[in-house]
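Structure at a glance
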Amino acid sequence: MTDKKKMGAGMILHVITVIVTAVGLFLYLQNCKTSYFSNMGVNTTVVACLAASAVLEILMIVLSLKMGAKPFLDIIPVACGVMTALAAIQFIGSRIAGAASIMTFENNAENMADLNGAITAMAVCVIALVCVWITSFFKVVKE
C-alpha cells in the first residue's frame, strides 16, 4: 500500500464515483421492480455498463496504488465514462415514454411514485456520469 501523503485527490473522487455508480445501479434495479416499469424488464446493457464501470473504477484505484500513475491506466477513466454514458442514455431512453404517459394519461399516486423513483435513479446515473468526468482529470496517487 502507498503512504497517505502519496494519495492524490483522485483517490477520494474515485471512491465517490464508485459509490455513486453503485447507488445508481441499485436504484435502477429497484425501479425495474415497480409495478409500472416491471413489464419493461431489466435492461442488461444498463446493468452491465454500470457494474463494469464500478469494477473498473475499483481496478483503477487498486492498480494505481500498487503500480503508481502509469500511462496505460489512463484508458480506464475513458472506458468508465463511455460505459456510464451509455447506461444513462439507455436508462433515460427506456423511461421517457412511460414518464410522458404517466404525466398525461395514467396519473395516479402509485404511478407517480414509480415515476419519482425513476427520476431519482436517472438523476443518480447522470451524477455518476459527471463524477466520472470530473474524476478522470485527477490522479489517484501523487508522483
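Residues numbered from 1 in each chain as written. Predicted model: local features only at pLDDT ≥ 70, side-chain atom pairs only at ≥ 80, totals over all residues. Heavy atoms only, no water.

What follows is about the overall build of the protein chain. Along the protein chain, the regular secondary structure elements total four helices and zero strands. Of the regular secondary structure in the protein chain, the N- to C-terminal order runs α-α-α-α. Overall, the C-alpha framework of the protein chain stretches about 60 × 20 × 20 Å when taken along its three principal axes. Evaluated residue by residue, the protein chain yields a buried proportion of 42% over its 143 residues. Sequence separation of 24 or more characterises 84% of the internal contacts of the protein chain that already satisfy a separation of 6 or more. In the protein chain, 9 positive and 7 negative side-chain charges are present, and the distance between their average locations comes to 16 Å. (Helix = DSSP H or I, 4+ residues; strand = E, 2+ residues; numbered from the N terminus. Buried < 20%, exposed > 50% of the residue type's maximum accessible area, 1.4 Å probe, protein only. Contact = heavy atoms within 4.5 Å. Lys, Arg positive; Asp, Glu negative; His and termini not counted. Charge placed at Lys NZ, Arg CZ, Asp CG, Glu CD.)

Looking now at the pattern of salt bridges. Under the definition given, this model contains one salt bridge. Linking Lys 139 and Asp 74 is a salt bridge whose minimum nitrogen-to-oxygen distance equals 3.7 Å. One end of the pair, Lys 139, is in the segment after helix 4 (109–135); the other, Asp 74, is in the loop between helix 2 (44–67) and helix 3 (75–104), with 65 residues separating them in the sequence. Given a relative accessible area of 48%, Lys 139 falls into the partly exposed group. (Salt bridge = Lys/Arg side-chain N within 4 Å of Asp/Glu carboxyl O.)

Between two cysteines, a covalent bond joining their sulfur atoms is known as a disulfide. According to the stated counting rule, one finds zero disulfides in the structure shown. The thiol of Cys 125 is not disulfide-bonded; the next cysteine sulfur, from Cys 32, is found 10 Å away. No disulfide involves Cys 131; its sulfur sits 12 Å from the nearest other cysteine sulfur, which is in Cys 125. (Disulfide = S-S within 2.5 Å.)

Here the focus is helix 4. A rise of 1.5 Å per residue sets the reference length of helix 4, with its 27 residues, at 39 Å; its end C-alpha atoms lie 38 Å apart and thus fit the reference within 8%. The N-cap of helix 4, judged by a side-chain oxygen 3.2 Å from the amide nitrogen of Glu 110 a few residues on, is Asn 108. (Expected span 1.5 Å × (residues − 1). Polar contact = N/O pair within 3.5 Å; in protein donor to acceptor, adjacent residues only side chain to side chain.)

As far as function goes, none of this settles anything; it's purely spatial.
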